[in-house]
Amino acid sequence: MAKYVFGIDLGTTYSCIAYVDETGRATVVNNSEGTNTTPSVVNFASPNQVVVGQVAKENAVIDPNNTISLVKTLMGKSDFATNYNGEDKSPEEVSAYILRKVTEDASKLIDAEVKDVVITCPAYFGTAERTATKNAGIIAGLNVLEIISEPTAAALYYGCAKEQDEKTILVFDLGGGTFDVTIMSISSEKIEVVCSDGNHELGGKDWDEAVMRYLAEEFIAQTGFDGEFDEYAQQDMRLKAEKAKQQLSSREEVPVMLDAAGLRARISLSRDKFDEITSTLLGEAIDKTDAAIAVAKDKGYAIDEILLVGGSTRMPQVTEALVSRYGMEPKILEPDEAVAKGAAIHAVNVYVNNQKSLEPDAAGETTVTVGGTTKEINADDYKEELAVQPEMMSIGGKTQKVVVATTKSFAVEVSVNNGSVCHNMIIKNQAMPDGSISVSEEFGTKDANQENVEIVVYESDFMDENFDIDPDLVLGTATLELSGDLPARAPIEVTFTLNTEGILEVSGVDKTTNREVHATMQSKGIMAVEKVDELKEKSKKMVVM
Ligand code: ADP
Ligand code: MG
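Starting afresh in each chain, residues are numbered from 1 along the sequence in its written order. The lettering of chains begins at A and the numbering of ligands begins at 1, in the order of writing. Only residues with pLDDT of at least 70 are given local features in this predicted model, and only at 80 or more are side-chain atom pairs given and counted; all residues enter the totals for whole chains, interfaces and linings. Side-chain calculation: all heavy atoms of the structure are included, whereas hydrogens and water are not.

**Examining the site of ligand 1**
- Every one of the 18 residues lining ligand 1 counts as a neighbour, but Thr13, Tyr14, Gly176, Glu242 and Ser249 are closest to it.
- In this structure, an oxygen atom belonging to ligand 1 sits 2.9 Å away from a main-chain N or O atom of Gly311.
- Note that accessible areas follow from Shrake-Rupley with a 1.4 Å probe, and for residues the cover is restricted to the protein chains shown. For ligand 1, whose free accessible area comes to 570 Å², the fraction covered by protein is 89%.
- Per element, the largest residue contribution to the shell around ligand 1 is three residues, and it comes from helix α6 (residues 231-247).
- When the residues that make up the shell around ligand 1 are grouped by side-chain class, the tally is two nonpolar, twelve polar and four charged. The rule for a residue being near a molecule or strand is that one of its heavy atoms must lie within 4 Å of it. Whenever two N or O atoms come within 3.5 Å, that pair is a polar contact, provided that in protein one can donate a hydrogen and the other can accept it, and provided that, for residues adjacent in sequence, both atoms are side-chain atoms. Numbering of helices and strands runs from the N terminus, with a helix taken as a DSSP run of H or I at least four residues long and a strand as a DSSP run of E at least two residues long. Amino acids outside the nonpolar list (Ala, Val, Leu, Ile, Met, Phe, Trp, Tyr, Cys, Pro) and the charged list (Asp, Glu, Lys, Arg) are all regarded as polar, and Gly is one of them.

**Here's the deal with the sheet that holds strand β27 (residues 474-481)**
- In spatial order, the strands read β26-β22-β21-β25-β27; together these five strands make up an open sheet with antiparallel pairing. Each edge of the open sheet carries a strand with a single partner, namely β26 (466-467) and β27.
- Bridge count between strand β21 (residues 409-416) and strand β22 (residues 419-426): seven bridges; the pairing is antiparallel. Counted as the bridge partner of Ala411 is Asn424 from β22. Strand pairing is assigned whenever DSSP identifies at least 2 bridges connecting the two strands.

**Observations concerning the nonpolar core**
- Judged by nonpolar contacts, the single largest core of 44 residues is most densely connected at Phe172, Ile183, Trp207, Leu215, Phe219, Phe229 and Val318.
- Top contributing element to this core by residue count: helix α5 (residues 204-223), with seven residues.
- The contact criterion used throughout is that any non-hydrogen atoms of two residues lie within 4.5 Å. When residues no more than four places from it in sequence are discounted, the contact partners of Val318 are Phe172, Leu174, Leu282, Leu308, Ser312 and Thr313.
- In terms of nonpolar packing, the next biggest core, distinct from the first, is built from 40 residues, Leu10, Val50, Ile68 and Ala112 among them. What makes a nonpolar core is a set of buried Ala, Val, Leu, Ile, Met, Phe, Trp, Tyr and Cys residues whose side-chain atoms join them at distances within 4.5 Å. Exposure categories follow from relative accessible area, calculated using a 1.4 Å probe and restricted to protein chains: below 20% of the type maximum is buried, above 50% is exposed, and the middle band is partly exposed.

**Quick word on helix α3 (residues 127-139)**
- A helix is expected to span 1.5 Å multiplied by its residue count minus one. Between the first and last C-alpha of α3 there are 18 Å, a value that for 13 residues agrees with the 18 Å anticipated at 1.5 Å per step.
- With twelve of 13 residues buried, α3 lies mostly within the body of the structure.
- When we look at burial in α3, the residues that qualify are Thr127, Ala128, Glu129, Arg130, Thr131, Ala132, Thr133, Lys134, Asn135, Ala136, Gly137 and Ile139.

**Regarding α5**
- Look at α5: 28 Å from first C-alpha to last across 20 residues, which is about the 28 Å you get at 1.5 Å a residue.
- Inspection of α5 places Gly204, Asp206, Trp207, Asp208, Ala210, Val211, Met212, Tyr214, Leu215, Ala216 and Phe219 among the buried residues, and these make up the whole buried set.
- Positioned one or two residues after α5, Gly224 has a phi angle of 75°, which is positive.

**Thoughts on the sheet that holds strand β7 (residues 67-68)**
- Pairing is mixed across the open sheet formed by four strands, whose spatial order is β7-β5-β6-β31. Two strands in the sheet have a free side with no partner beyond their single neighbour: β7 and β31 (543-544).
- As paired elements, strand β5 (residues 42-46) and strand β6 (residues 49-52) share four bridges and run antiparallel to each other. Its bridge partner lying in β6, Asn43 is registered against Val51.
- Helix axes use the C-alpha atoms of the stretch in contact, all axes being lines fitted to C-alpha atoms, and the angles between their N-to-C directions lie in the range 0 to 180 degrees. The strands touched by helix α2 (residues 91-110) are β5, β6, β7 and β31; relative to β5, the strand with the most contacts, the crossing angle is about 90°.

**What about the packing of aromatic side chains?**
- Classification of ring pairs rests on two measures: the distance between centres of Phe, Tyr or Trp rings, Trp counted by its six-membered ring, which must be within 6.5 Å, and the angle between planes, read as stacked under 30 degrees, edge-to-face over 60 and tilted in between. As enumerated under the stated definition, the model contains ten aromatic pairs in all.
- On the numbers, 4.7 Å between centres and 35° between planes, the contact of Phe462 with Phe467 is tilted.
- When its relative accessible area of 41% is taken as the criterion, Phe462 is described as partly exposed.
- Of the aromatic side chains, those joined through ring pairs into one cluster are Tyr4, Phe6 and Tyr19.
- Over a ring means this: the NZ of a Lys or the CZ of an Arg is within 6 Å of the ring centre and within 35 degrees of the ring normal. Over the face of the ring belonging to Phe44 we find Lys89, whose NZ or CZ atom lies 4.5 Å from the ring centre.

**Description of the side chain of Asn135**
- Tracing the chain through its elements places Asn135 in helix α3.
- Discounting residues that sit within four places of it in the chain, Asn135 has contacts with Glu92, Met527 and Val532.

**Quick word on the packing of α2 against helix α11 (residues 529-540)**
- One way to put it is that α2 packs onto α11 with a least axis distance of 11 Å and a crossing angle of 45°. Overall, the two elements α2 and α11 adopt an arrangement that is oblique. In this structure, α2 crosses over α11, and the sense of that crossing is right-handed. Only Leu535, Lys538, Ser539 and Lys540 of α11 make contact with α2, whose side of the interface consists of Glu93, Tyr97 and Arg100.
- Per-class residue counts for the contact of α2 with α11 are two nonpolar, one polar and four charged. When an angle is under 35 degrees it counts as roughly parallel; over 145 it counts as roughly antiparallel; between 65 and 115 it counts as roughly perpendicular; any other value is oblique. Crossing handedness is read from the near helix: turned anticlockwise from the far helix by less than a right angle, it gives a left-handed crossing, and turned clockwise, a right-handed one.

**Focus on the side chain of Glu337**
- Its location among the elements puts Glu337 in the loop between α9 (316-326) and α10 (338-356).
- Glu337 sits in the buried class, given a relative accessible area of 12%.
- Apart from the residues lying within four places of it in its own chain, the contact partners of Glu337 are Cys16, Val28 and Asn36.

**Things to note about the pattern of salt bridges**
- Put simply, a salt bridge is a Lys or Arg side-chain nitrogen that is within 4 Å of an Asp or Glu carboxyl oxygen. In total, this model carries 27 salt bridges according to the counting rule given.
- Between Glu209 and Arg238 there is a salt bridge, and its shortest N-O distance comes to 3.3 Å. Here the residue Glu209 occupies a position in helix α5, and Arg238 occupies one in helix α6, the gap between them amounting to 29 residues.
- We note a salt bridge from Lys408 to Asp461, for which the minimum N-O separation is 3.2 Å. With Lys408 in the loop between β20 (401-405) and β21 and Asp461 in the loop between β25 (452-460) and β26, the pair connects residues that are 53 residues apart, well separated along the chain.

**Remarks on the pairing of β5**
- The antiparallel hairpin formed by β5 and β6 contains two residues in its connecting segment.
- Sheet topology places β5 next to β7; two bridges connect them, and they run antiparallel. Of the residues in β7, the one forming a bridge with Val42 is Ile68.

Encoded structure:
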């Protein structure tokens, strides 16, 4: 069997899988229903069977208690389990079933093993969310080569990196449940995030709801219906609203047939009307885009190009609004496939790089470095040749450095006057050119003869130098034991080192006696390794349809 590696866009509302074929082209693999994307909806049909995709989405109303949508919005909150069939399901486990659906379908369709994957996540995902995404892959039985940001993947697919000159691109990603805008600086050598913003509540579903409201009003006007729409009628209307919206992307007008309470109406919706009833929603996305452009401008960047990502950017109103606002024609290829395809391209790069490093080092160990972390591997797992020769790919087999930025700020608690504040050492959106960032600062002990120093670390979105203590944001604590005879203000050096996988190494050194403490911190929401293994075993017993 030919060996392929895959890219998976694990989306809030739709997921997609792609690989780079023998000719070097990134290609999406359809699911067994024959569509290129799969609704990220999971239905626990029975104790040993899970239904994922369109069928689960259409049955959501008949079986609401056993159906989960939008699980991505819970990623990184692994204690946020939802109870189904009397059992707690973590976001990782639910996401694992989505991953199994797309990978098992793909495996059947192209008759190849689907094992090595790159999975994407939003640019704003922090440590907990990224680790949860990776764990979902592990639970699904996959070997997760790397987690990369969706806009980075999209930029790789759009081939932005081919040109020599450095340029600044804006990725406008309007999906089904969220809107993300990311500005990146790109050259043939590297991809670097300048800033990212968005609205995690704004997506295609809001356009659907606007259409639903319109359909309901028209139905009432035509039929004189004066009752309440029951949940079946609402579900039916929701599916028809989404379909009508999609059809309006290529047609000027669509008819919608509605049945409810024994009454029937034929409602016609024009694109002009649709644009009118959704204009405030589009306005919100444009406002966020303006804000991101302003931040980038402050940092000295001007936008050279706009890329459209996300199924909702197929709506002509998006391009029209961007052209009229910024006087620039955005690039649009296959917006709902771009992220998965870019991830597939990246998967080849990572895989090939891993293979290059398969020679044992001086100590006789074989290691790979992924995202700044070096780990020992079993060389046999990596020895296989890929079906594609990377030289055939559009970027000519050149591996590009993906420079990511920090997605969260990390602070240490310090005493000031009569209280304490959080003092940021690593600030969100800082570039990590070498795959990691390390910051050291010197503080002093508070009192004389202190027995120890508690280094309390906070993870947050705050970008100011100092902010108020919030116990909910504590990432972890490292205790530096002292000799007990130091004077007040004895120097203590604290170092934070963050890698691109979001793992934070914290160290504290008492500069007087050289006592040290080291700790590795992970966000609270991260699942224990044993639990991941347990779920992996459990997942194997479930049939995914
Ligand atoms: P995700 O939100 O999971 O990233 P997508 O990028 O695939 O998913 O976006 C899904 C959204 O795109 C849905 O709201 C869907 O209705 C919408 N969409 C898909 N195709 C079209 C189309 N042709 N016209 C308008 N909207 C579309
Ligand atoms: Mg998406």
